[in-house]
Amino acid sequence: MADEPKEPLPSPVPPGEKPASTPLPPSTPAAKAPDVKAPAASPKPAAPPPPKPPVVLQTPLNNELVGRFRAKFGAAIVEAIEDRKQAIITVDRERLGEIALYVRGEEKFEMLSDLTAVDWPKREKRFDVVLNLYSFAKNERLRLKVHAGDGEKVPSMTSVWPTSNWLEREVFDMFGIVFAGHPNLTRILLPEEWQGYPLRKDYDILQQDTAWVKENLGIDSGQ
Amino acid sequence: MEFKGEMALSTEATTEHKTQLGADELVINMGPQHPSTHGVLRVKLKLDGERVIGSECVIGYLHRGVEKIGENRTYQQFAPYVDRMDYVAAVSNGLGYCEAIEKLLIVEAPPRARVIRTILTELQRIASHLLWLGTHALDIGALTPLFYCFREREEILKIFEKYCGARLTTHAFRIGGLQYDAYDTLEKDVERFCKDFVSRVVEYEDLLTQNRIWLGRTKGVGILTATDAIAYGVTGPVLRASGVKWDIRKAAPYAAYDQYKFEIPVGTTGDTYDRYLVRMEEMRQSRLICLQAIENIPTGPILAKVGKVLKPPPGEVYHAIEAPKGELGYYVVSDGSVQPYRVRIRPPSFINLEAFDRMVRGHLVADVVAIIGTLDIVLGEVDR
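Residues numbered from 1 in each chain as written. Chains lettered and ligands numbered in written order. Predicted model: local features only at pLDDT ≥ 70, side-chain atom pairs only at ≥ 80, totals over all residues.

Colleague: Teacher, can you tell me more about the overall build of chain B here?
Modeller: Along chain B, the regular secondary structure elements total 15 helices and eight strands. Its C-alpha atoms give chain B a radius of gyration of 21 Å, within 12% of the compact-globule value 21 Å for 384 residues. By principal-axis analysis of the C-alpha atoms, chain B measures approximately 70 × 50 × 40 Å. The proportion of buried residues among the 384 residues of chain B is 55%. Taking all contacts inside chain B whose residues are at least 6 apart in sequence as the whole, residues at least 24 apart take part in 72%. (Helix = DSSP H or I, 4+ residues; strand = E, 2+ residues; numbered from the N terminus. Rg over C-alpha atoms; globule rule 2.2 N^0.38 Å. Buried ≥ 20, exposed ≤ 12 C-beta atoms within 10 Å, placed from the backbone. Contact = placed C-beta atoms within 7 Å.)

The structure is reproduced here in structure tokens:
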């Protein structure tokens, strides 16, 4: 799981096609370089390129690490994929606590680099809570994910990785995800009385807590 | 670096100092408008006499919703915004972002671009450390280093200005490589700076390293053990001063760092003095990297083939670089459109500041200033 992809992941494409690694705008005329391959007598120089099959970079991951995970936690491992040489393991939300202890202790992922969330409002369980872990012993990174629906609690990681204290507060602040067992789950960046969770997808970029702004700043709008 | 049992959480108060002086507990505010908090950081301190028995950082005064903005801009449009996070190390911020998007697109910057990126980023590291040294020393009462540090920092900013026209928020790089090629005398300018700089570091060290007041104010202050440092996710010079030899430039080389020889300085006790020594040595090492890099800048293109409209294939990346303050990570999720679905920035200052409470307990109020300084935080990055 190197941090830098040394070469493009997709296998080399035939010279006639555009390499998958350099996406061009679909509106780009195919005949931008007419002197190379396109015959001069091409009747339709501006014909759009044939639709490429969608690039799928996510492949199932089946290395030793995942094997150990599956052996130990079985059905709690929802999915294990590799995306651009990064290991991503989705686990059951309910069992995140014990999995985290195992990951830190036996798999030696001592450092929680980052904990964040992604909102997919159309999904049944709209949130991904994402933990980016690093192991000093193996010089490896691992990403753990759990799915959480609106209002579902995620076990707090504060007793496993103390870093997650502020990170979980930030996720709570921005997404409204509640972490069960957090010692002090309050807003961290926004004012405590703020209403709404700005990083949710249904929160518009111009939206704000107008009542708060009016009361505390004495202006109609912060925009 | 073994974990033995559960880590004690910072919320558990250390009882050994409780009512040691027989004085009542007192809660005082530091900041947000305080010259030594390096921006708008507010710290609530719980005191027993002169001693700190608890602290709470109140942050967010500079929150601009950078991550939300990122979701509403195209990939290229968002690039200048990242410069405004750690605004004293804008080049490093830009490098991390551009590389993360390149990883998402599966393209690689050409060799020439990577070397020039390395040179500018290392100069930026020196500039960032110089600003840290000047202000940190000023907080503790040494006025002179500030003027010395700003003198050398000015030379670096002049190089940036010549390169891209901006001094602070440079937006120096583009996704896929560089927008501008190196100007004609870049190598000469960098070489001259490096030549002068070697004696300049000696000047700073003459003022501080053996200075009795400096030693008294920094030795044994704000100790962070290696175990604690890792548990709190602290990175960068703060982690290395605690004795953990870990630098992303070595652990997962990016840009052109795999081509150059340099050392990772580490400390032993993890106190403020060690962090000072580590950063001083890092400046010397950065200078060495710059000297090696200017010797042989490859010729060739400076921009990889990326389209004018970037539509990375769906997926996600986490890319981290060693910014002057620590691990600067970008977690970017693409849904295949022209705008990132999610941009998460892992800010080193934010996470390093989390360890502040751990470091400050049991120390005197005057040491709080030293500990804030030694963490080298930038509030633009803490609050984003």
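Colleague: Could you clarify how one ought to interpret the overall build of chain A in this entry?
Modeller: For chain A, the helix and strand inventory stands at four helices and eight strands. Sequence-ordered secondary structure for chain A, helices as α and strands as β, is β-α-β-β-α-β-β-β-β-α-β-α. Looking at the 223 residues of chain A, the share that counts as buried comes to 32%. The long-range fraction of contacts in chain A, counting pairs at least 24 apart against all pairs at least 6 apart in sequence, stands at 42%.

Colleague: I would appreciate a short explanation of the sheet that holds strand 6 (residues 315-323) of chain B in the present structure.
Modeller: Sheet strands pair via backbone hydrogen bonds, and the direction of the pair is either parallel or antiparallel. All names here are of chain B. Spatial ordering of the open sheet is given by 6-7-8, a layout of three strands whose pairing is antiparallel. Each edge of the sheet is formed by a strand with only one pairing partner; in this case those strands are strand 6 and strand 8 (342-346). Within the sheet, the average angular offset between the axes of one strand and its neighbour, ignoring direction, is 10°. As paired elements, strand 6 and strand 7 (residues 326-334) share nine bridges and run antiparallel to each other. Across the sheet, Gly 315 pairs through a bridge with Ser 334, a residue of strand 7. Each of strand 6 and strand 7 is contacted by helix 3 (residues 90-105), which is oriented at about 150° to strand 6, the strand it contacts most. (Pairing = 2+ DSSP bridges. Axes fitted to C-alpha atoms, helices over the stretch in contact; angles between N-to-C directions.)

Colleague: Hey, could you run me through the domain arrangement of chain A in this one?
Modeller: Accessible area lost during the coming together of the parts is what is often quoted as the interface size. All names here are of chain A. Splitting chain A by domain gives domain 1 (60-189) and domain 2 (191-223). Centre-to-centre separation of domain 1 and domain 2, based on C-alpha positions: 29 Å. Counting residues at the interface gives seven residues for domain 1, matched by eight residues for domain 2. Looking at the side of domain 1 that touches domain 2, its residues break down into three nonpolar, two polar and two charged. (Domains from an automatic or database assignment. Nonpolar A, V, L, I, M, F, W, Y, C, P; charged D, E, K, R; others polar.)

Colleague: So what exactly am I meant to see when it comes to the nonpolar core here?
Modeller: Within soluble globular proteins, side chains that are nonpolar generally end up buried alongside one another. Val 129, Leu 133, Val 171 and Ile 177 of chain A together with Ile 101, Val 332 and Ile 371 of chain B are the most contacted members of the largest nonpolar core, which totals 154 residues. The greatest single-element share of this core, amounting to 14 residues, is contributed by helix 4 (residues 111-140) of chain B. Not counting residues up to four positions away in its chain, the partners in contact with Ile 177 of chain A are Ala 117, Phe 127, Val 129, Ala 148, Val 154, Val 171 and Phe 172 of chain A. (Core = buried A, V, L, I, M, F, W, Y, C linked by C-beta atoms within 7 Å.)

Colleague: Honestly, the pairing of strand 2 (residues 77-83) of chain A in this entry has me stumped. Any pointers?
Modeller: Side chains on a regular strand alternate between the two faces of the sheet. Residues and elements named next belong to chain A. Summarising the sheet, strand 1 (residues 58-60) and strand 2 pair through three bridges and their orientation is antiparallel. Its bridge partner lying in strand 2, Pro 60 is registered against Ile 81. One ladder, built from six bridges, connects strand 2 with strand 3 (residues 86-91); its direction is antiparallel. Looking at the pairing, Glu 79 lines up with Thr 90 of strand 3. Linking two consecutive strands that pair antiparallel, namely strand 2 and strand 3, is a turn of two residues; a positive phi of about 50° is found at Arg 84 within it.

Colleague: What is the right way to read unusual backbone geometry from this model?
Modeller: Residues apart from glycine generally show negative phi values, whereas peptide bonds are mostly found in trans. Its identity as a non-glycine residue notwithstanding, Arg 84 of chain A has a phi of 50°, on the positive side. Here Arg 84 of chain A shows up in the loop between strand 2 and strand 3. Classification of Arg 84 of chain A as buried rests on a count of 21 C-beta atoms within 10 Å. Residues other than glycine seldom take positive phi values, yet Ala 255 of chain B does so here, at roughly 45°.

Colleague: Can you help me understand the interface of chain B and chain A in this one?
Modeller: Every contact between the two is made by 52 residues of chain B and, on the other side, 45 residues of chain A. Broken down by secondary-structure element, the contributors of at least two residues to the side of chain B that touches chain A are helix 1 (66-71), helix 3, helix 8 (226-231), strand 6, strand 7, strand 8 and helix 12 (348-354) of chain B. Per-element tally for the side of chain B that touches chain A: the top contributor is strand 6 of chain B, with five residues. Looking at the side of chain B that touches chain A residue by residue, the classes come out as 28 nonpolar, ten polar and 14 charged.

Colleague: It is not clear to me how the confidence of the model for chain A should be interpreted in this structure. Could you clarify?
Modeller: Residues shown with low pLDDT carry predicted positions that ought not to be read at fine detail. Per-residue confidence for chain A gives a mean pLDDT of 78, with 74% of residues at or over 70. Across residues 1-44 of chain A, confidence stays below pLDDT 50; counting only partners more than four residues off in sequence or on other chains, it has 56 contacts. (pLDDT = per-residue confidence, 0-100.)

Colleague: Explanation requested: helix 4 (residues 210-217) of chain A in the structure shown.
Modeller: Turn by turn, an α-helix covers 3.6 residues, leaving residues three or four places apart pointing in a common direction. Taking burial as the measure, the eight residues of helix 4 of chain A include zero buried ones, a minor fraction of the element. Gly 218 of chain A sits one or two residues past helix 4 of chain A and shows a positive phi near 70°.

Colleague: I tried to follow the packing of helix 2 (residues 75-82) of chain B against helix 3 of chain B on my own but got confused; where do I start?
Modeller: Residue and element names in this part refer to chain B. In the contact formed by helix 2 and helix 3, the axes pass within 8 Å of each other and the chain directions differ by 155°. In this view, helix 2 runs roughly antiparallel relative to helix 3, as classed from their interaxial angle. The interaxial crossing formed by helix 2 with helix 3 has right-handed handedness. Together, Tyr 75, Ala 79 and Val 82 of helix 2 and Asn 93, Gly 94, Tyr 97, Cys 98 and Ile 101 of helix 3 make up the contact between the two elements. (Parallel < 35°, antiparallel > 145°, perpendicular 65-115°, else oblique. Left-handed = near helix turned anticlockwise from the far one by under 90°.)

Colleague: Help me understand the confidence of the model for chain B in this model?
Modeller: Residue and element names in this part refer to chain B. The share of residues in chain B with pLDDT of 70 or more is 93%, and the mean pLDDT across the chain is 87. Across residues 1-15, where pLDDT falls below 50, the model places 23 contacts with residues more than four positions away in sequence or in other chains. Of the two predicted TM-score estimates for the complex, the pTM is 0.81 and the ipTM is 0.83.

Colleague: Help me understand the pairing of strand 3 of chain A, please; the structure alone is not making it clear to me.
Modeller: In the sheet, strand 3 of chain A pairs with strand 6 (residues 140-148) of chain A via four bridges, with the strands oriented parallel. Bridge pairing links Ile 89 of chain A to Leu 144 of chain A in strand 6 of chain A.

Colleague: Before we go on, may I ask you to explain the sheet that holds strand 1 (residues 25-30) of chain B in this structure?
Modeller: Residue and element names in this part refer to chain B. Here three strands make up an open sheet; going across it, the order is 1-2-3 and the pairing antiparallel. Looking at which strands have only one partner, the edges of the open sheet turn out to be strand 1 and strand 3 (51-58). Each strand of the sheet is rotated relative to its neighbour by a mean of 20°, with strand direction disregarded. Alignment of strand 2 (residues 42-48) against strand 3, held across seven bridges, turns out to be antiparallel. Residue pairing for strand 3: Leu 45 is matched across the bridge by Ser 55. Relative to strand 2, helix 14 (residues 365-375) is tilted by about 145°, and along the sheet it contacts strand 1, strand 2 and strand 3.

Colleague: Would you take a moment to explain helix 3 (residues 164-175) of chain A for this structure?
Modeller: Taking 1.5 Å of rise per residue, the twelve residues of helix 3 of chain A would be expected to cover 16 Å, and the 15 Å separating its terminal C-alpha atoms lies within 8% of that figure. In terms of residue burial, helix 3 of chain A counts as a mostly covered element, since twelve of its twelve residues are buried. Burial in helix 3 of chain A covers these residues: Ser 164, Asn 165, Trp 166, Leu 167, Glu 168, Arg 169, Glu 170, Val 171, Phe 172, Asp 173, Met 174 and Phe 175 of chain A. Elements that come into contact with the buried residues of helix 3 of chain A comprise strand 4 (111-119), strand 5 (127-135) and strand 8 (179-180) of chain A together with helix 12 of chain B. Count one or two residues on from helix 3 of chain A and you reach Gly 176 of chain A, which has phi positive near 75°. (Expected span 1.5 Å × (residues − 1).)

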